[in-house]
2 protein chains.
Amino acid sequence: MNIDVDPAAADLRSAGLAAREATRILARSSHAARQHALRAGAAALRAAMPAVLDANAIDLAGYQGTPALRDRLRLDAKRVEGMAVGLEEIANLPDPLGRVQTEWTRPNGLDFRRISTPIGIIGMIYESRPNVGADAAGLCLASGNAVILRGGSDSFNSAQAIHAAIVQGLREAGLPEACVQIAPNTDRAFVAAMLKAAGLIDLIIPRGGKGLVTRVQAESRVPVLSHADGLCHTYIHAAADTAMARTIMKNAKMRRTDVCGATETLLIDAAIAPSLLPEILSDLKALGCDFRADARAREILPDLTPAAKGDFSTEWLDKILSVAVVDGVEDAMAHIARHGSEHTEAIITEDAAAAEQFLNGTSSAVVLWNASTQFCDGGEFGFGAEIGIATGRIHARGPVGVEQLTTFRYQVRGSGQVRP
Amino acid sequence: MNIDVDPAAADLRSAGLAAREATRILARSSHAARQHALRAGAAALRAAMPAVLDANAIDLAGYQGTPALRDRLRLDAKRVEGMAVGLEEIANLPDPLGRVQTEWTRPNGLDFRRISTPIGIIGMIYESRPNVGADAAGLCLASGNAVILRGGSDSFNSAQAIHAAIVQGLREAGLPEACVQIAPNTDRAFVAAMLKAAGLIDLIIPRGGKGLVTRVQAESRVPVLSHADGLCHTYIHAAADTAMARTIMKNAKMRRTDVCGATETLLIDAAIAPSLLPEILSDLKALGCDFRADARAREILPDLTPAAKGDFSTEWLDKILSVAVVDGVEDAMAHIARHGSEHTEAIITEDAAAAEQFLNGTSSAVVLWNASTQFCDGGEFGFGAEIGIATGRIHARGPVGVEQLTTFRYQVRGSGQVRP
């Protein structure tokens, strides 16, 4: 990037160089120092409550988005307190750094240890949800990573105010302020510069809608940890406990329809569909759910809306469920391989052999047996907060918490060994 | 990519789709089946010896490269036997798939297991060294990954003959032939198509010179595991055992100068340099090594060639050593952070505290204490063969063997749990 003609690239470059310097201290900082920064940041955030709410009021003043988006942007005392508590909870997580992941000794006496270390510099690109910036800063800090935040333009003032409080925490803990930086303005060229910053930023994490994530995936020269789709399937096997299947489906589809772990497609075995499918769909219909069914499902329930081309590849994120009848585990896995997004799938069955076949034959990041797909969440996994969900094939998959924000290094201890 | 106007993209797409289908069987194949394919491939390679040597003769006939490159391209009975033995050694490695990496149970009774699984489809781009294709195919197969090989154009006929033998092994083991595919021609557009094939290829591994690797890193839309530079440092601390330091430096620099783990820069503490530096450099000079020294080293040995701008950032891969005098561990680590490539660094000292400071403060993939940097090798790590060395910050770092060619999936076993 030519920084002479691109001020945003110059801004990013200076932020990246400052972050690199900061990581040399942060990567070696004690857990206590990082905990201190997180707790002091939480306190500073509470102290800055009026300033944060004022900044948020400025963002809201000119805001033109939908009521739903406006609500995501809006802050109140309860939400700011929630961000502060979030930072304190992250501070209470065990230290993910310096862990000996594996250790062995070679015949020549060399002692090998693989230890967890920070990734380095994270570029966090998110939409106008101020709390995402606070969570991301907390998770990166806890894992010893510097972070450069670039939130949605509509939340610029809110994000700046939150960032100021977190920097205050860094200052009180004696850690470099450059550990957590934020885009200095709303220039979109800064995002482009982040995506070009291979060597300066080690990992980009986009958090937001499919449009944002797919654009980042397509344009980034820096490795990306993300998921664009959460096209999750629940497969009801012929040997399912019908009461359990009904309970799980209601939760998997309807607990929240707007989360990436929500089930979008129901696959049900032909052997059990005639008796069970009507019960399950009436449960869901009673909760306001609508359906898109394949021909075999419509043989059982002719009034169902036929699935249009592409429906089985559509993440509804709404009270809509795609429904298909399948012939056993292999057929279900083939459907998932064809239409899925490698996010989360579940099988409901009392047949352990069928369950293992599904657990071992499905390549998605998270595969469940007799549980709701909505469990795909860092908190539910026991990771504490999550910075996102990853559906790629490398580094981390599934919920990304502090442990997934680390990499490793080999330490080799010898006594003068040379290679023959 | 518009496959209508790009036949190479069409070739890559059909290879990728065939590979994806193949992985659905390969990923679930038994270790025995993969071992069978590797051993049968080795036998087929031996049986095909005449055909392989004839193909290699065709490649050599028109070859215009340097004698060194010609030697890399050249095959003989011994080298073909070496490839066969390599496949058999890979077959003897423990199965990297299906391992429970970690397991825990949540208060709600959900049982979580993180198990190792294949990455999926590897795109292997290498130069005209036929054995690299055989090793890569073996390592990918052993780890349950399909691979698409694209070797150097000058080795096209040799690579095709080797590939045919490996496919014979797949056939005999009853595994899909599409598990190991090779570029159908020498069209350079096929490489470009591989680098664009996000979603079709899961990981690109370039193996070769800096030119190839940096081009792949710069152009790839697919995640890349690689190293462009091996700018390794050996730091001799003030408390070093001088005899050990001399022995290790001879090995680290001169055992082989053309490998990425060879030491390129010697850093030595000012406190010990006046007495030890002359001895070390005379050892190396006796082996034909030349030097590029900073001002402080030249105060001790005025006849040394001054280091020019950029010398400390140059990977010599030759009988040349950059030399700098430093003031302790922090100064040495600062030099490494400024000039290094995150590959391999070593400290030589009898002072355990200084060693730990270096081991914990250096972010390179491999950090050694009292051992030669030339130990950065999959075989020396006990991984068996390696497909390359990675110096990035995500997924795998250091030597990449079968275990590093895996990713993971979460299996969650429940009894009807739904999310509150």
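Since we're looking at a predicted model, the values are computed, not measured. (Residues numbered from 1 in each chain as written. Chains lettered and ligands numbered in written order. Predicted model: local features only at pLDDT ≥ 70, side-chain atom pairs only at ≥ 80, totals over all residues. Heavy atoms only, no water.)

What follows is about the overall build of chain A. Looking only at helices and strands, chain A has 15 helices and 15 strands in total. By the compact-globule yardstick of 22 Å for 420 residues, chain A fits well, its C-alpha radius of gyration being 24 Å. Overall size of chain A, expressed as C-alpha extent along the three principal axes, is 70 × 65 × 40 Å. Counting over 420 residues, chain A shows a buried share of 58%. Within chain A, contacts between residues separated by at least 24 positions form 71% of all contacts whose residues are at least 6 apart in sequence. Summed over its atoms, the accessible surface of chain A is roughly 15300 Å², and 52% of this surface lies on carbon and sulfur atoms. (Helix = DSSP H or I, 4+ residues; strand = E, 2+ residues; numbered from the N terminus. Rg over C-alpha atoms; globule rule 2.2 N^0.38 Å. Buried < 20%, exposed > 50% of the residue type's maximum accessible area, 1.4 Å probe, protein only. Contact = heavy atoms within 4.5 Å. Areas by Shrake-Rupley, 256 points an atom, 1.4 Å probe, with all protein chains shown as cover.)

Another point: the interface of chain B and chain A. Across the boundary between the two partners, chain B contributes 74 residues, which contact 74 residues of chain A. Together chain B and chain A conceal approximately 6200 Å² of surface at their shared face, both sides included; 49% is due to carbon and sulfur atoms. For chain B, the biggest contributors to the area lost against chain A are B:Arg393, B:Tyr410 and B:Arg419; these three give 14% of the whole. Here chain B is connected to chain A by eight salt bridges. Of the charged contacts in the structure, one is a salt bridge between B:Arg28 and A:Glu330, with a shortest N-O distance of 2.6 Å. The interface formed by chain B and chain A contains 55 residue pairs in polar contact (both at pLDDT 80 or more). The element best represented in the side of chain B that touches chain A is strand S15 (residues 406-417) of chain B, accounting for eleven residues. Pairing of strand S15 (residues 406-417) of chain A with strand S12 (residues 366-371) of chain B, which is carried by five bridges, proceeds in the parallel orientation. By the bridge assignment for S12(B), A:Arg413 is matched with B:Trp369. (Buried area = accessible area lost by both parts, 1.4 Å probe. Salt bridge = Lys/Arg side-chain N within 4 Å of Asp/Glu carboxyl O. Polar contact = N/O pair within 3.5 Å; in protein donor to acceptor, adjacent residues only side chain to side chain. Pairing = 2+ DSSP bridges.)

With that out of the way, let us pick up the relation of the copies chain B and chain A. Mapping chain B onto chain A is achieved by rotating through 180° and translating by 0.0 Å along the same axis, at an RMSD of 0.0 Å. Seen this way, the second copy is the image of the first under a two-fold rotation axis. Proximity to the rotation axis, assessed at the C-alpha, singles out B:His395 in chain B; its C-alpha lies 1.9 Å from the axis. Of all interface residues in chain B, 100% are interface residues in chain A too; the two copies therefore contact each other through one and the same surface. (Least-squares fit on C-alpha atoms with pLDDT ≥ 70 in both.)

On to the sheet that holds S15(B), then. The nine strands lie next to each other as S9(A)-S10(A)-S8(A)-S7(A)-S11(A)-S12(A)-S15(B)-S2(B)-S1(B), forming an open sheet whose pairing is mixed. Edge positions in the sheet fall to strand S9 (290-293) of chain A together with strand S1 (100-105) of chain B, since each has one partner strand and no second. On average, adjacent strands in this sheet sit at an angle of 20° to one another, irrespective of strand direction. Strands strand S7 (232-236), strand S8 (263-269), S9 and strand S10 (320-326) of chain A of the sheet are contacted by helix H11 (residues 273-286) of chain A, whose axis makes an angle of about 160° with S8(A). (Axes fitted to C-alpha atoms, helices over the stretch in contact; angles between N-to-C directions.)

Attention now moves to the domain arrangement of chain A. All names here are of chain A. Here chain A is partitioned into domain 1 (10-227 + 392-413) and domain 2 (232-375). Between the C-alpha centres of domain 1 and domain 2 there is a distance of 35 Å. With five residues of domain 1 in contact, the opposing surface of domain 2 contributes seven residues. For the pairing of domain 1 and domain 2, the buried interface totals around 460 Å² over both sides, and the portion due to carbon and sulfur atoms is 48%. Summed over the three residues of domain 1 that lose the most area to domain 2, namely His227, Arg393 and Arg397, the buried surface amounts to 73% of that side. For the pair domain 1 and domain 2, the interface holds two salt bridges. For Glu342, the salt bridge identified is with Arg397, shortest N-O distance 3.3 Å. At the boundary of domain 1 and domain 2, one finds three residue pairs in polar contact (both at pLDDT 80 or more). Grouping the amino acids of the side of domain 1 that touches domain 2 by side-chain chemistry returns one nonpolar, two polar and two charged. (Domains from an automatic or database assignment. Nonpolar A, V, L, I, M, F, W, Y, C, P; charged D, E, K, R; others polar.)

Further remarks concern the side chain of B:Thr344. Residues and elements named next belong to chain B. The residue Thr344 is located in strand S11 (residues 344-348) in this model. A relative accessible area of 0% means that Thr344 is categorised as buried. A distance of 2.8 Å separates the side chain of Thr344 from the side chain of His343, its partner in a polar contact. In contact with Thr344, not counting residues within four places along its chain, are Cys232, His233, Ser364, Val366, Leu368, Thr373 and Cys376.

For chain A, per-residue confidence averages 96 on the pLDDT scale, and 99% of positions sit at 70 or higher. Model confidence for the complex: the whole-complex pTM is 0.94, and ipTM, which rates the interface, is 0.94. (pLDDT = per-residue confidence, 0-100.)

We now examine the state of the cysteines. Going through the model one piece at a time under the given rule, you end up with zero disulfides over all chains. Cysteine A:Cys140 is unpaired, with the sulfur of A:Cys179 as its nearest cysteine sulfur at 11 Å. (Disulfide = S-S within 2.5 Å.)

This part covers the pattern of salt bridges. This model, assessed by the stated rule, comprises 48 salt bridges over all chains. A:Asp71 serves as the salt-bridge partner of A:Arg79, at 3.1 Å between the closest nitrogen and oxygen.

This paragraph deals with the packing of aromatic side chains. Summed over the entire model, instances satisfying the criterion amount to 18 aromatic pairs over all chains. Look at A:Trp104 and A:Tyr410: their rings are 6.3 Å apart centre to centre, the planes differ by 80°, and that puts the pair in the edge-to-face class. Within this pair, whereas A:Trp104 is found in strand S1 (residues 100-105), its partner A:Tyr410 is found in strand S15, the two being separated by 306 residues in sequence. A residue is classified by how much of its surface remains accessible, and A:Tyr410, at 1% relative accessible area, is buried. Taken together, the ring pairs in this structure connect A:Trp104, A:Phe112, A:Phe408, A:Tyr410, B:Phe381 and B:Phe383 into an aromatic cluster. The ring of A:Phe408 carries A:Arg114 above its face, with NZ or CZ at 4.0 Å from the centroid. In this structure, A:Arg292 packs its charged tip against the face of A:Trp316, placed 5.5 Å from the ring centre. (Phe/Tyr/Trp six-rings, centres within 6.5 Å; stacked < 30°, edge-to-face > 60°. Lys NZ or Arg CZ within 6 Å of the ring centre and 35° of its normal.)

With numbering aligned to this structure, UniProt lists the feature "domain: Aldehyde dehydrogenase" (unreviewed entry) at residues 9-287 of chain A. Annotation note: span residues 9-287 of chain A, helix share 52%, strand share 16%, distance between end C-alpha atoms 50 Å. (UniProt positions renumbered as here; feature names shortened; annotations may be inferred.)

Okay, helix H8 (residues 189-196) of chain B next. Within the span of H8(B), buried status applies to B:Phe190, B:Val191, B:Ala193, B:Met194 and B:Leu195. Buried residues belonging to H8(B) abut helix H1 (7-26), strand S3 (121-126), strand S4 (146-150), strand S6 (203-207) and helix H9 (210-219) of chain B.

What follows is about the sheet that holds strand S5 (residues 180-182) of chain B. Residue and element names in this part refer to chain B. Strands sit in the order S5-S4-S3-S6 across an open sheet of four strands; the sheet is parallel. On the outer flanks of this sheet lie S5 and S6, each paired with one strand and no other. Taken pair by pair, the neighbouring strands of this sheet meet at an average axis angle of 20°, ignoring direction. Contacting S3, S4 and S5, H1 runs over the sheet at an angle of about 150° to S4.

With that settled, consider helix H3 (residues 49-61) of chain B. All names here are of chain B. Under the 1.5 Å per step criterion, the end-to-end length of H3 is 18 Å for 13 residues, consistent within 8% with the ideal 18 Å. All of the buried residues along H3 are Met49, Val52, Ala55, Asn56, Asp59 and Leu60. Along the axis of H3, the buried residues cluster in a sector spanning 140°; they form a single face. In H3, the exposed positions that point more than 90 degrees away from the buried face belong to Pro50, Asp54, Ile58 and Ala61. Where H3 is buried, its residues touch helix H2 (31-47), helix H4 (67-73), helix H5 (77-91), helix H6 (130-142) and helix H7 (156-173). (Expected span 1.5 Å × (residues − 1). Arc of directions from axis to C-beta.)

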